[in-house]
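Here is what each chain is made of, one letter per residue.
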Amino acid sequence: MNRCYVEVLCRHTLQGQIQPVSIIWNNGIEYKIDRILQCCPAASLKSGGAGMRYTCLFNQECRYLFHDHDKWFIEKR
C-alpha cells in the first residue's frame, strides 16, 4: 500500500467545511499547510481508496492529502 497515514489538525467552518491546517508525521514533526489549492471528491490513483482530496502547498511543494472516512493519508512517493 502506498499510503502514509498522518495526523491532521483541522479548522471546521460555520458552513460545515473541514479545512486542514497542518499535518503531523509519525516522527512528530508538524508541517503547516501554506495553502489549499483545491478540494474535491477523488480517488487515489496510486494507493486506491476514495474520499476528499485536498491539493495542498507545503513549503513550495504540492501534495495530495486525502480524507478517507475517518483517516487522513498522503500518497507515498
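This text follows the structure it describes.
Structure report, in brief. Quick caveat, the model's predicted, so the values are computed rather than measured. (Residues numbered from 1 in each chain as written. Predicted model: local features only at pLDDT ≥ 70, side-chain atom pairs only at ≥ 80, totals over all residues. Heavy atoms only, no water.)

A closer look at the side chain of S22
Alright, step 1. Summarising the element assignment, S22 is placed in strand β3 (residues 18–24).
Alright, step 2. In this structure S22 comes out as buried when scored by relative accessible area, which is 3%.
Alright, step 3. Here E30 takes part through its side chain, which lies 2.7 Å from a polar atom of the side chain of S22.
Alright, step 4. Excluding residues within four positions of it along the chain, S22 makes contact with E7, V8, L9, E30, Y31, K32 and I33. (Helix = DSSP H or I, 4+ residues; strand = E, 2+ residues; numbered from the N terminus. Buried < 20%, exposed > 50% of the residue type's maximum accessible area, 1.4 Å probe, protein only. Polar contact = N/O pair within 3.5 Å; in protein donor to acceptor, adjacent residues only side chain to side chain. Contact = heavy atoms within 4.5 Å.)

Here's the deal with the sheet that holds strand β7 (residues 61–68)
Alright, step 1. Reading across the sheet, the five strands line up as β1-β8-β7-β6-β5 and stay open at both edges, with antiparallel pairing between neighbours. Edge positions in the sheet fall to β1 (3–5) and β5 (35–43), since each of these pairs with one other strand and no more. For this sheet, the mean inter-axis angle between neighbouring strands, taken without regard to orientation, is 30°.
Alright, step 2. As judged from the eight bridges shared by β5 and strand β6 (residues 50–58), these two strands associate in the antiparallel manner. Bridge assignment links P41 to a residue of β6, and that residue is M52. (Pairing = 2+ DSSP bridges. Axes fitted to C-alpha atoms, helices over the stretch in contact; angles between N-to-C directions.)

Some thoughts on the sheet that holds β3
Alright, step 1. Here we have three strands laid out as an open sheet, ordered β2-β3-β4, and antiparallel in their pairing. The sheet is open, and its two borders are formed by β2 (7–12) and β4 (30–32), each paired with just one other strand. Strand-to-strand twist across the sheet, computed as the mean angle between neighbouring axes with direction ignored, equals 35°.
Alright, step 2. Note: β3 against β4, three bridges, orientation antiparallel. Looking at β4, one finds that S22 is bridged to K32.

Details of unusual backbone geometry
Alright, step 1. Its identity is not glycine, yet N59 carries a phi of approximately 45°, on the positive side.
Alright, step 2. Along the chain, the position of N59 falls in the loop between β6 and β7.
Alright, step 3. We note that H69 has phi near 60°; this positive angle belongs to a residue other than glycine.
Alright, step 4. Mapping H69 onto the fold places it in the loop between β7 and β8 (71–75).
Alright, step 5. Exposure remark for H69: the relative accessible area of 71% places this residue in the exposed category.

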